[in-house]
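# Descriptive structure summary
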Number of protein chains: 2
Amino acid sequence: MDQKVISSAVIKRLPRYHRYLGDLLESGIERISSNELSEKMNVTASQIRQDLNNFGGFGQQGYGYNVEYLYHEIAKILGIDRENSMIIIGGGHFGQTLANYSKFEQRGFVTKAIFDVSPERIGESVRGIMTYSMDELESWLAENPVEIAVLTIPKQAAQEVADRLVACGVKAIWNFAHLDLKVPKGVVVENVHLSESLMQLSYRIAAKKEK
Amino acid sequence: MDQKVISSAVIKRLPRYHRYLGDLLESGIERISSNELSEKMNVTASQIRQDLNNFGGFGQQGYGYNVEYLYHEIAKILGIDRENSMIIIGGGHFGQTLANYSKFEQRGFVTKAIFDVSPERIGESVRGIMTYSMDELESWLAENPVEIAVLTIPKQAAQEVADRLVACGVKAIWNFAHLDLKVPKGVVVENVHLSESLMQLSYRIAAKKEK
DNA sequence: TGATTTTTTTGAAAAAACTAACAAAAAAAG
DNA sequence: CTTTTTTTGTTAGTTTTTTCAAAAAAATCA
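Before going into details, it helps to say that this report is about the structure given with it. (Residues numbered from 1 in each chain as written. Chains lettered and ligands numbered in written order. Predicted model: local features only at pLDDT ≥ 70, side-chain atom pairs only at ≥ 80, totals over all residues. Heavy atoms only, no water.)

Here we come to the side chain of B:Asn84. Of note, B:Asn84 is situated in strand S4 (residues 84-89). A relative accessible area of 0% places B:Asn84 in the buried class. Of the polar contacts made by the side chain of B:Asn84, one reaches the backbone oxygen of B:Gly79; its length is 3.0 Å. Once you skip the residues sitting within four places of it in the chain, B:Asn84 turns out to touch A:Ser202, B:Gly79, B:Gly108, B:Phe109, B:Val110, B:Glu147 and B:Ile148. (Helix = DSSP H or I, 4+ residues; strand = E, 2+ residues; numbered from the N terminus. Buried < 20%, exposed > 50% of the residue type's maximum accessible area, 1.4 Å probe, protein only. Polar contact = N/O pair within 3.5 Å; in protein donor to acceptor, adjacent residues only side chain to side chain. Contact = heavy atoms within 4.5 Å.)

Below is the structure:
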């Protein structure tokens, strides 16, 4: 029923609000006004208020926002107030690094398994997370449905694997492969293209030199 | 002299154009019109033409764009037509993974050294890239200036290290630490906040369920 | 209680991003 | 060599996003 579409510009800012509120929470600050927060975060107070009001009124006139409450409300909006289970496809350096990264777990993103094609990796485990053969993908997922599949495989294999994941009912892909995946409507893909990020940095270096 | 400021929305799209042109080049296609490209990339032809025209007229009426020429021109704009040297600060899993990733090298991003605080890592090497002590950072950089420093350290240490890097003349930081770095004007920072990316994915999963 | 603070909410203005349209140039066709 | 077609470069128009302003409401604080 909550049919209003929130612009992606707003969504992108939410995790940052959440982070700052987490920092405030840690330093024991109980309340904050949009004005104070705007100074810390270097955005306008108006934008903070408007962003938050997309989801409801979390503040109180004359008081501001309760840090802990707002922190948890944003977590709810972001869907990180519950467990999100993940599998990692691709047990190479990158996949293992992500499996190793315990910060994700603290946010509720729990990696359940790693899948890989190469026989020597199968059976290995990282922090207790087992590596299975890609052949077992379908049967494993049938028994253990997950929210998110993380793709850390070469782009040549990525589309085919994505198709298999979608066929197994996976509805969200965190894609590190350097291509644009084609998925049916209803499946969400979030891309992390590191080389593109690096190129943007490079552009800004180059652009500065020209001046 | 080239004082026109290009919007970051345009910059973000350039690497993607470059990638598609690279694919076309590999499949031996010599020319392409903005219309054909727009179909492949799922953007409007108008946007492609306008984006490119920010940097000059690379096409020809009645012909379209020469794939190879445009590919190299975009590379020039992005500053990836030359070597960009990097150091990685933080020799943990993530730092090592990035050092291992040879794709960056193919694009001209060459990692020269890794720096770390923990004694057991110092002296280790990844693909011939040596790990040095953080104590050696200043002296090493004095001898070997680099374009880009990659920060893959915990956020607690990140600002202090960034300050040291800036003091050594580093002008660009690729930041994986989960905080907003404060740097003087003239230093560029490109953030990769993986947990924020994951949260955006999580939001989209949660938002879909509500319908 | 009454003055003050600060959000909520609305509306409008300004800026940014995107799309559509078209003249001009080149290529292709006849 | 002329005409038609293609397709860019560029301008104008539209939509989206952001910023700004201000009234109303609610809570705080003295």
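From this point on, the discussion continues.
Here we take up the protein's contact with DNA strand D. Residues in contact with DNA strand D amount to 25 residues; listed here are only the nearest, B:Ser34, B:Asn53, B:Gly59, B:Gly62 and B:Tyr65. In the interface set of DNA strand D, defined as its atoms within 4 Å of the protein, sugar plus phosphate atoms amount to 65%. A:Gln47 is positioned with one of its side-chain polar atoms (N or O) 3.0 Å from a phosphate oxygen of DNA strand D. A distance of 3.4 Å is found between a base oxygen of DNA strand D and a side-chain nitrogen or oxygen belonging to B:Gln61. When its residues are assigned to classes, the surface near DNA strand D shows four nonpolar, 18 polar and three charged. (Near = heavy atom within 4 Å. Nonpolar A, V, L, I, M, F, W, Y, C, P; charged D, E, K, R; others polar.)

Now for helix H3 (residues 45-53) of chain B. All names here are of chain B. Buried within H3 we find Ala45, Ile48, Asp51 and Leu52. On an axial view of H3, the arc spanned by its buried residues comes to 130 degrees, and they lie on one face. Residues of H3 that are buried sit in contact with helix H1 (8-26), helix H2 (34-41), strand S3 (64-66) and helix H4 (67-78). (Arc of directions from axis to C-beta.)

Neighbouring DNA strand C are 26 residues; A:Ser34, A:Gly59, A:Tyr65, B:Ser46 and B:Gln50 lie closest to it. Near the protein, meaning within 4 Å, the atoms of DNA strand C are sugar or phosphate in a fraction of 65%, with bases accounting for the rest. Between A:Tyr65 and DNA strand C, the recorded distance is 2.7 Å, taken from a side-chain N or O atom to a phosphate oxygen. Within the backbone of B:Gln61, one N or O atom sits 3.5 Å away from a sugar or linking oxygen of DNA strand C. Here the element with the most residues in the surface near DNA strand C is H3(B); it accounts for four residues. Broken down by class, the residue content of the surface near DNA strand C amounts to five nonpolar, 17 polar and four charged.

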